[in-house]
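So the chains spell out like this:
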There are 2 protein chains.
Amino acid sequence: MSSYKVIYYNNRGRAEAIRFLLSYAGIEFEDFRFESKDDWPKYKPSMPYGKVPVLEIDGVKYSNTLAICAYLGKKFNLNGSSDLEALQIHTAAAFVYDLIDIVGDVLYGYRFSFTEESYEKEFKKLFDETIPSALEKFEKIVNKNDGYFVNGKLSWADIFFASIFESIYGICAYMDIELKNDLLENYENLRKLYEEVRNIENINHWIAKRPETKG
Amino acid sequence: MSSYKVIYYNNRGRAEAIRFLLSYAGIEFEDFRFESKDDWPKYKPSMPYGKVPVLEIDGVKYSNTLAICAYLGKKFNLNGSSDLEALQIHTAAAFVYDLIDIVGDVLYGYRFSFTEESYEKEFKKLFDETIPSALEKFEKIVNKNDGYFVNGKLSWADIFFASIFESIYGICAYMDIELKNDLLENYENLRKLYEEVRNIENINHWIAKRPETKG
């Protein structure tokens, strides 16, 4: 049995997808969270590529949410039944991941600094255009694939999607953003998929036991 | 034999990594380029997730540079010799890909609009901090791994890295940005790896025969 340790801030953010997948597979993992954001510089030099989340597997550190989730998805038989199906699953997850990127960029000023005026403009664009336009595409795809992103069956892209929305809701709550409506409200298939993943027994257990955090 | 068609703008951009990998494997592919950027809205509705590059394999469209390259990398035996090695290769490529994301965001205003003042600030940060700090990490990693990103042997991450820098140089040329120095000048191992990949016979042939484009 391998040992697993997730290393991240004390929030859902970009680590929750990894925690969801490990939980799905019923794997016990150490859920290491920095006590404070100020602790990060202390840890940064020992992280590959200087970034978190990191997943330690048997003491070796691996990095990047999407890469780690693709690895775990394969390991837990959530990667389709052919290489081309695996490609479609990876594609779906990559486009879902783009959303947390842009949400982080706009709401946290993760990579760019905005003036007050440009922040307002980007904020409006994010919630009025970028997110709805991506969700519209996802909704069509999930509708066409009998409720899942790829080929009518659960894959790591579906679990990834649900966890990323957990994190996006978290970021909005952390930033005290009152959403006019639930982001998924108008997307019946996505809403259903989100709930379905959260209701998978092992994931449901994880949600019940994880630390309550904003963000 | 499968048939391959790359669909993208008439530049290197996010498609060149796919073209590099197909060329590496000696695969003939149709290199479809929109005649003009204005043609994009005409094609957008038929693209999965509404984005390019797209790789058509036997008439089926697949999307997302990183996902496509991971698929091709595996197919062409450039994905390491274990799932954990494949994870490290994927991780390297993902962090390399982050650079073209941020270069596109700053120089093309790909996702955000900047004021003249904030553009200047982001431009400076990009070339003085973001790119050097990433390259410093990559240089250490490649130095530690005998000239490659992972485990001392050529993988799709190395080809990906070289092609992404081809594209970044292209974007800089397109935007008439005179780089004070070659971006890779101070990174001996990266510079060498970049040249080594370009000198692989099949890739070298591709570079010689591809359309000359700015960007």
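Computed from a predicted structure; not experimentally measured.

Cut-off values and rules
Residues numbered from 1 in each chain as written. Chains lettered and ligands numbered in written order. Predicted model: local features only at pLDDT ≥ 70, side-chain atom pairs only at ≥ 80, totals over all residues. Heavy atoms only, no water. Contact = heavy atoms within 4.5 Å. Buried area = accessible area lost by both parts, 1.4 Å probe. Salt bridge = Lys/Arg side-chain N within 4 Å of Asp/Glu carboxyl O. Polar contact = N/O pair within 3.5 Å; in protein donor to acceptor, adjacent residues only side chain to side chain. Helix = DSSP H or I, 4+ residues; strand = E, 2+ residues; numbered from the N terminus. Nonpolar A, V, L, I, M, F, W, Y, C, P; charged D, E, K, R; others polar. Buried < 20%, exposed > 50% of the residue type's maximum accessible area, 1.4 Å probe, protein only. Domains from an automatic or database assignment. Least-squares fit on C-alpha atoms with pLDDT ≥ 70 in both. UniProt positions renumbered as here; feature names shortened; annotations may be inferred. Pairing = 2+ DSSP bridges. Right-handed = clockwise from strand over helix to strand, strands pointing away.

Caption draft 1: Spatial organisation of the interface of chain A and chain B. Of the residues lining the interface, 39 residues belong to chain A; the matching set on chain B comes to 38 residues. Summed over the three residues of chain A that lose the most area to chain B, namely Tyr49, Arg111 and Phe112 of chain A, the buried surface amounts to 21% of that side. For the pair chain A and chain B, the interface holds 4 salt bridges. For the salt bridge of Arg111 of chain A with Asp105 of chain B, the shortest nitrogen-to-oxygen distance reads 3.1 Å. Our count for the chain A to chain B interface comes out at 13 residue pairs in polar contact (both at pLDDT 80 or more). Mapped by element, the contributors of at least two residues to the side of chain A that touches chain B are β4 (60–63), α3 (65–75), α4 (83–107) and α5 (116–144) of chain A. When its residues are assigned to classes, the side of chain A that touches chain B shows 20 nonpolar, 7 polar and 12 charged.

Caption draft 2: Quick look at the side chain of Glu16 of chain A. Residues and elements named next belong to chain A. Relative to the assigned elements, Glu16 resides in helix α1 (residues 16–24). Look at Glu16 and you get buried, because its relative accessible area is 0%. Engagement of the side chain of Glu16 in a polar contact is seen with the side chain of Trp206, the distance being 2.8 Å. Excluding residues within four positions of it along the chain, Glu16 makes contact with Ser163, Ser167, Trp206 and Arg210.

Caption draft 3: Representation of the domain arrangement of chain A within the structure. Residues and elements named next belong to chain A. Assigned domains of chain A: these are domain 1 (4–75) and domain 2 (83–199). Once you take the C-alpha centre of each, domain 1 and domain 2 turn out to be 20 Å apart. Seen at the junction of domain 1 and domain 2, the total is 1 salt bridge. The salt bridge partner of Arg14 is Asp101, with a shortest N-O separation of 2.9 Å. The tally of links from domain 1 across to domain 2 stands at 5 residue pairs in polar contact (both at pLDDT 80 or more). Of all the secondary-structure elements, those providing two or more residues to the side of domain 1 that touches domain 2 are α1 and α3.

Caption draft 4: Highlighting the relation of the copies chain A and chain B. Each copy of the sequence occupies a distinct position, and chain A is placed on chain B by a rotation of 180° and an axial shift of 0.0 Å, giving an RMSD of 0.0 Å. Such a combination of rotation and displacement between the chain copies is what one expects of a two-fold axis. Nearest to the rotation axis, the C-alpha of Phe114 of chain A is located 3.9 Å from it, this being the minimum over chain A.

Caption draft 5: How the structure looks around the UniProt feature "domain: GST N-terminal" (unreviewed entry) in chain A. The UniProt entry lists residues 2–80 of chain A under the feature "domain: GST N-terminal" (unreviewed entry), expressed in the numbering used here. Structurally, residues 2–80 of chain A comprises 30% helix and 22% strand, and the distance from its first C-alpha atom to its last is 23 Å.

Caption draft 6: Focus on the pairing of strand β2 (residues 30–33) of chain B. Residue and element names in this part refer to chain B. Summarising the sheet, strand β1 (residues 4–8) and β2 pair through 4 bridges and their orientation is parallel. By the bridge assignment, Tyr8 is partnered in β2 with Arg33. For the handedness criterion, the β-α-β arrangement of β1, helix α1 (residues 16–24) and β2 is classed as right-handed.

Caption draft 7: Representation of α1 of chain A within the structure. All names here are of chain A. Judged by how many residues are buried, α1 sits mostly within the fold: 8 of 9 residues are covered. For α1, the full list of buried residues reads Glu16, Ala17, Ile18, Arg19, Phe20, Leu21, Leu22 and Ser23. Following α1 by one or two positions, Gly26 adopts a phi angle in the positive range, close to 70°.

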